[in-house]
Amino acid sequence: MSAGNPREELAGIARSLRTHLERERAAGTAELLAASARAAARRAESRAGTSGPAKSPRDRSFDPAPAEEASIGTPRASKRPAAPPPKSAAPAPLPHVDLFGNPVAVAVARAEEPEPLDFDLPPVHAPLNPAGLAERAQITERSLPVLGRIAEEVIACTRCGLCETRTNAVPGVGSGRSGIVFVGEAPGADEDRRGEPFVGRAGELLTRIIKAMDDAQLIDGVPLTRDTVYICNVLKCRPPENRNPLPHEIETCSPYLQRQLAALEPRLICCLGKFAAELLVGAKGTVASMRGRTYRYHGAKLIVTYHPAACLRNPNLKRPVWEDMQLLAREYRSN
Ligand code: URA
C-alpha cells in the first residue's frame, strides 16, 4: 500500500475487514461480532459526554452475613470484594441467537443497574414456567422418561472424539422438582470416573452453595438439594486434561442440553461459568460482564454466575456468587 495516500489506506483497511468478516461469517460468528461492534460504537457515543468513574460493585452489592459467607466457603481473612469488572467489560450486545444461530435467551433486566440496555429487546413470548410445587411435581413426572432416554443416548454417544477418551459419559443428575437447573462446563476427572456431574472439589462447593441456599431459605417453601435441582453440563464427556470445550464439541453436544432443558421446563437456569453462559445467552462475554442480569431462555429465566472451580481458585468470587444466588431467588419468585 502506498504510504501517505489516505484513500488507498482506507480502501485497504476496508478490504481486509471485508475478508475478515467473510471468514468469520463462514465460521458463523460474523453476526455476533457485527452486533458487538455496533453496540460498542453506541456505548462509546453515549458515554462520550459522561466522565464519572465506573460504579464500584460495592454500590450495588450487599454485605452477606458472616454465617452466609461461612456456609458457602472457607472464612476469609479479608472482606474485600472481588475486583470490579472494568467498564470495558460491559456485556456484549445480545443478538438473540445462540452461537449456532438459533434464537435463545434475551436479556430482560440487570439487577440494580440503572443504565439502560444498549440493545433492543425482542418481545418474550414464552410464558414463564411454573414454580408451584404441584405443577413442578407434574413436570417432574413427565420429564423422567424423557431424561432417561436422553441419558441412554448420551451414554451410547459417539458423535465426537471425546467418546474415545471418556471413561463414563455424564448426562446429568437431579430432577425438575424445584425448577432450578445448574449448567456447568464439562465433566472433570472425578465426574468421568463416576458418571455424575459436579462430584469433585468444584462439585462439593456447588453442593455447599445449594445447601446454603436451602439453609437460608432463599426460596421459601422450595427444598433445595442435589435431588430437587437438576445439575448438568454443556459437554457430557470429559475433555482430555480438562481442556476447554472446543466449538465443534459444543455444537455437537448441545442438543442434549437443549432437550434436557425442554423436558425439565425449568423456572430458572443458572449458568456456571463462561461456556454455559455463552451458549445459553447466545453472546460472547466474560462472566463478570454477563452476571447480575436476568435473561430469558424459552420459558425460563436465566442468570450467569462464576463457576465453582473459579471460586476455588479465587475465594473472593464467593461473595458475588452468593449475590447471584440471591438474584436467582428473587427472580424465581417474581413473574
Ligand atoms: N466442572 C464442570 O463444569 N462440570 C462438572 O461436572 C465438574 C466440574
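Residues numbered from 1 in each chain as written. Predicted model: local features only at pLDDT ≥ 70, side-chain atom pairs only at ≥ 80, totals over all residues. Heavy atoms only, no water.

Before going further, it helps to examine the pattern of salt bridges. Evaluation of the coordinates by the stated rule reveals 11 salt bridges. Residues E153 and R259 are paired through a salt bridge, measuring 2.8 Å at the closest nitrogen-oxygen approach. Residue E153 is found in helix α4 (residues 133-155), and its partner R259 is found in helix α8 (residues 247-264); the two are separated by 106 residues along the sequence. Taking relative accessible area as the criterion, E153 reaches 32% and is therefore assigned partly exposed. We classify R259 as partly exposed; its relative accessible area is 34%. (Salt bridge = Lys/Arg side-chain N within 4 Å of Asp/Glu carboxyl O. Helix = DSSP H or I, 4+ residues; strand = E, 2+ residues; numbered from the N terminus. Buried < 20%, exposed > 50% of the residue type's maximum accessible area, 1.4 Å probe, protein only.)

It is worth spelling out the confidence of the model for the protein at this point. Per-chain confidence: the protein averages 78 in pLDDT, with 63% of residues scoring 70 or above. Below pLDDT 50 for its whole length, residues 19-95 participates in 94 contacts with residues either more than four positions away or in separate chains. This stretch, residues 114-121, has a pLDDT under 50; its non-local contacts, to residues over four places away or in other chains, come to 16 contacts. (pLDDT = per-residue confidence, 0-100. Contact = heavy atoms within 4.5 Å.)

What follows concerns the packing of helix α7 (residues 201-215) against helix α12 (residues 318-333). Following both chains from N to C, one finds α7 and α12 inclined at 50 degrees, their axes separated by 11 Å at the closest point. It follows from the interaxial angle that α7 and α12 lie oblique. Handedness of the crossing formed by α7 with α12: right-handed. For the pair formed by α7 and α12, the contact residues are L205, I209, A212 and M213 on the first element and K318, V321, W322, M325 and L328 on the second. Across the contact of α7 with α12, the residue classes tally to 8 nonpolar, no polar and 1 charged. (Axes fitted to C-alpha atoms, helices over the stretch in contact; angles between N-to-C directions. Parallel < 35°, antiparallel > 145°, perpendicular 65-115°, else oblique. Left-handed = near helix turned anticlockwise from the far one by under 90°. Nonpolar A, V, L, I, M, F, W, Y, C, P; charged D, E, K, R; others polar.)

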